[in-house]
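# Residue-level structural notes
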Amino acid sequence: MAASNGGTIAPLNLALFPLTNSSEVSFIYIFDPTNFNDAVSGSFYIYKTEDIICGRTGTINRVIISYRDLGVATITVVLAGTNDQQAIVSSTEPMTIGTVAASKAIVTQIIGISLTAQNLSLSITRDPNAGPVSITKVRMEGRVETTVY
Amino acid sequence: VAIQIKSDGTFSIEYEGPYAGLDVQKPETLISDKASPLFNNFMLRNAELRSRPAFVQKYQGPAEPFVTGISSFTDINGIYHTVTWSSGRNMYQFDPTLLPGNPWVFLGFYAPTPGNSSPLSFRAFANTIYYASIYTIPFMGYWDGLSISPVFTQTFSDASISQSVAGISLTDSPTVGGSLPGGPTIVGPIAIGGRFLGELNNQLILANVSIKDQGTGIIYNYPQTMWWSANGLPLQWDPTQNTSAGFNSFLDVGDQISGLLTLGIAGYIFRTQGISQFAPTGSAITPWEFDHMWASDHGIGNVLPWSISQYGPTGAFVASDNIYTLSVTNAQPIGGTARDAIFADIANVPTLGVANSPMVPFGFILPQYKAGYVYLTYNLLIPFLAFCRLYVYSFEDKNWEAWDLPISSNNPSFPQFTCAGNFV
């Protein structure tokens, strides 16, 4: 039997993406599941908009985030909503999560952020190269007028 | 329900996975608390909201740029080969012993002429990788992992040579070619190629066929035609030599073939507005039974030629009205609550539907990103002028994510995709 021309004894077991740049140089890229800190691309997630009780203005006065410690990361927590003047209002709180040790443990932090508005929504933003983020749960707490008129 | 309101007016809202993914088809106040009206570059795998894996360079690429296909196969000795084809006509093999230098070793020319910038269609069969294209000229070639170079010509018993391993001899060409639609006068030999290559019943199948009459240099296009090799003989495409080889043109449908899948006991020819099933009959002379699942002017078909992908018993493709998976039993829409966002983006691709342009969406199913990290997803890559958007559908969670990659179709600062990614 003829011998093989090169090759490997096992598959590479990688998803490979061929790319070519404008200088006509080609590259092979991967999505690296050992690295969740893309240096070029940021990330954001907008949660459902909550009207709490439609027509009532609510106040959120703290946000609690549980996350898996994959390393130090900087995120921005934003509360946004609308007011009676039909304007969009928001409150922003940057924060650092995670540790250098990257314990992989689930950790919880309480964020002092407040916004009074209708149609409230929470979003979390991570800038490019701002670290790996893995959120397991988010809780918002607040108060709303419930009196029936 | 995520929101809890107490009688004193205090409330709490909790969000946790598993997530429902992108939902653009309801007002953002009415979507599930598991869904998001807009997010980017987060992955929802395993009920966590995690920044997606970094997209990074792993290796240098082949010396010849614009890779038009990447795949792997096992040769007859059980050795794995990872290969690429480039837009010129160079074929390369991955050699890990060359790392950290460029690991791609030139194997040889894979095509009779250079300039094949359209994605290739490829298929492993009998420990050999076969590949086909019709971009500059129609051809099919192969590499068995043993020989020094790939093979793309065939010499017949009458000493004529076709510029494709799927070919018809000079002697038989007038007869075979003359029976094609329109009854062209063919000198021969004939080189056969196809935009799509598949296999069923131990027969290689070319779909959306073109042939080159090497005697006159004329190329004839048959976008509604499927041509198959003889049973167990991937280099025999001549029905006058072996009756189990042959071709069929779907003249009764008005669209063209835009893809090919084989699932279990049947194959599926995708047209832009329909799907035609073919199943082996057991007869050598009439090896297939054809059934247009629908032959209406408009229907579920594959509108993006490179959006079809297959993983085991599941295929996925993009039709006019939704994104579908196709199994042996049925076609199932999967666009879900992200469908409108995906189709709005597809509509903004400048060269939509031009199969030979690199600026077309690519679809591909990935079982893993690397060994041990399973994420079975259908990925639809949509190119824009300044970036590419990858829509990721999780087969387990049945949700869609959007990932933007700073990769452009025409921005000089960034490289561009020239073919689909592949798990090798």
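Since we're looking at a predicted model, the values are computed, not measured.

Turning our attention to the overall build of chain B. Each helix and strand counted, chain B has 2 helices and 36 strands in total. Taking 2.2 N^0.38 as the reference for a compact globule, 424 residues should give roughly 22 Å; the C-alpha atoms of chain B span a radius of gyration of 23 Å, in line with that estimate. Summarising its shape, the C-alpha atoms of chain B cover approximately 95 × 55 × 40 Å along the three principal directions. Considering chain B as a whole, with its 424 residues, one finds that 57% of them fall into the buried category. Carbon and sulfur atoms provide 54% of the accessible area of chain B, an area that totals close to 15200 Å². Measuring between centres, the 16 positive side-chain charges of chain B sit 8 Å from its 28 negative side-chain charges.

Empty space within the largest pocket amounts to approximately 1100 Å³. Contributing elements (two or more residues each) for the lining of the largest pocket: β9 (67-74), β13 (121-125), β19 (190-200), β23 (257-263), β27 (309-311), β31 (362-370) and β36 (422-423) of chain B. Grouping the constituent residues of the lining of the largest pocket by class yields 22 nonpolar, 14 polar and 2 charged. The space that makes up the second largest pocket amounts to roughly 180 Å³. Forming the walls of the second largest pocket are Ile46(A), Thr49(A), Ala80(A), Gly81(A), Thr82(A), Ile88(A), Asn119(A), Ser121(A), Glu28(B), Pro37(B) and Leu38(B). Of all the elements in the fold, those that place two or more residues in the lining of the second largest pocket are β5 (73-82) and β8 (115-126) of chain A. The biggest single contributor to the lining of the second largest pocket is β5(A), with 3 residues.

Another point: the pattern of salt bridges. Under the counting rule described, the total for this entry stands at 14 salt bridges over all chains. Between Lys137(A) and Glu14(B) there is a salt bridge whose closest N-O contact spans 3.2 Å. Placement of the pair is Lys137(A) in strand β9 (residues 134-144) and Glu14(B) in strand β2 (residues 10-16), with the two residues belonging to separate chains. Looking at Lys137(A), the relative accessible area reads 28%, which means it is partly exposed. Salt bridges here are not isolated pairs; linked through shared partners, they connect Arg62(A), Lys137(A), Arg139(A), Glu141(A), Glu14(B) and Glu16(B).

Moving on: helix α2 (residues 339-347) of chain B. In an α-helix, one turn spans 3.6 residues, which is why side chains three or four residues apart end up on the same side. Turning to α2(B), its buried residues are Ala341(B), Ile342(B), Phe343(B), Asp345(B) and Ile346(B). Elements that come into contact with the buried residues of α2(B) comprise β3 (21-22), β28 (314-318), β29 (323-326), β32 (373-383), β33 (388-394) and β34 (399-405) of chain B.

Inspection of the entire model under this criterion finds 41 aromatic pairs over all chains. Ring centres of Trp85(B) and Tyr131(B) lie 5.5 Å apart, and the angle between their planes is 55°; this geometry places the pair in the tilted category. One end of the pair, Trp85(B), is in strand β10 (residues 80-86); the other, Tyr131(B), is in strand β14 (residues 128-133), and 46 residues separate them in sequence. Accessibility assignment for this pair places Trp85(B) and Tyr131(B) in one class, buried. An aromatic cluster of at least three residues, connected via ring pairs, comprises Phe17(A), Phe27(A), Tyr29(A), Phe31(A), Phe36(A), Phe55(B), Phe364(B), Tyr369(B), Tyr373(B), Tyr375(B) and Trp403(B). Note that Arg45(B) overlies the ring of Tyr373(B), its terminal NZ or CZ placed 3.8 Å from the centroid. Here the basic side chain of Arg50(B) rests over the ring of Phe36(A), its NZ or CZ set 4.7 Å away from the ring centre.

Once that is clear, we can look at the sheet that holds β31(B). All names here are of chain B. With antiparallel pairing, the 4 strands of this open sheet are ordered in space as β31-β32-β33-β34. Each edge of the open sheet carries a strand with a single partner, namely β31 and β34. Going from strand to strand, the sheet's axes swing by 30° on average, the running direction of each strand aside. Across 7 bridges, β33 lies against β34 in antiparallel orientation. The residue bridging tyrosine 391 from the neighbouring strand is alanine 402, located in β34. Running over the sheet, α2 touches β32, β33 and β34 and is turned about 40° from β32.

Turning our eyes to something else, we now look at the confidence of the model for chain B. All names here are of chain B. Residues with a pLDDT of 70 or more make up 96% of chain B, whose mean pLDDT is 91. Counting interchain partners and residues more than four positions distant, the pLDDT-below-50 stretch residues 352-358 has 15 contacts. Quick note on the complex model: pTM equals 0.94, ipTM equals 0.95.

A separate point is the interface of chain A and chain B. Across the contact, 72 residues belong to chain A and 93 residues belong to chain B. Both sides of the chain A and chain B interface together cover about 7400 Å² of buried area, and 62% of this is carbon and sulfur. Applying the counting rule to chain A against chain B returns 5 salt bridges. Here Arg52(B) and Asp38(A) are joined by a salt bridge, their closest N and O atoms 2.7 Å apart. Viewed at the interface, chain B and chain A are joined by 47 residue pairs in polar contact (both at pLDDT 80 or more). Of all the secondary-structure elements, those providing two or more residues to the side of chain A that touches chain B are β1 (15-20), β2 (26-32), β3 (43-46), β4 (58-68), β8 and β9 of chain A. No other element matches the 11 residues that β9(A) contributes to the side of chain A that touches chain B. In terms of residue class, the side of chain A that touches chain B is built from 36 nonpolar, 24 polar and 12 charged. One ladder, built from 2 bridges, connects β9(A) with strand β7 (residues 49-51) of chain B; its direction is antiparallel. Looking across to β7(B), one finds that Ser134(A) is bridged to Arg50(B).

Rules of the game
- Residues numbered from 1 in each chain as written.
- Chains lettered and ligands numbered in written order.
- Predicted model: local features only at pLDDT ≥ 70, side-chain atom pairs only at ≥ 80, totals over all residues.
- Heavy atoms only, no water.
- Helix = DSSP H or I, 4+ residues; strand = E, 2+ residues; numbered from the N terminus.
- Rg over C-alpha atoms; globule rule 2.2 N^0.38 Å.
- Buried < 20%, exposed > 50% of the residue type's maximum accessible area, 1.4 Å probe, protein only.
- Areas by Shrake-Rupley, 256 points an atom, 1.4 Å probe, with all protein chains shown as cover.
- Lys, Arg positive; Asp, Glu negative; His and termini not counted.
- Charge placed at Lys NZ, Arg CZ, Asp CG, Glu CD.
- 1 Å grid on protein atoms, 1.4 Å probe; cavity = no way out; pocket = protein on both sides within 12 Å on 5 of 7 lines; lining within 4 Å.
- Points joined across faces, edges and corners; volume = space filled by probe spheres on them.
- Nonpolar A, V, L, I, M, F, W, Y, C, P; charged D, E, K, R; others polar.
- Salt bridge = Lys/Arg side-chain N within 4 Å of Asp/Glu carboxyl O.
- Contact = heavy atoms within 4.5 Å.
- Phe/Tyr/Trp six-rings, centres within 6.5 Å; stacked < 30°, edge-to-face > 60°.
- Lys NZ or Arg CZ within 6 Å of the ring centre and 35° of its normal.
- Pairing = 2+ DSSP bridges.
- Axes fitted to C-alpha atoms, helices over the stretch in contact; angles between N-to-C directions.
- pLDDT = per-residue confidence, 0-100.
- Buried area = accessible area lost by both parts, 1.4 Å probe.
- Polar contact = N/O pair within 3.5 Å; in protein donor to acceptor, adjacent residues only side chain to side chain.

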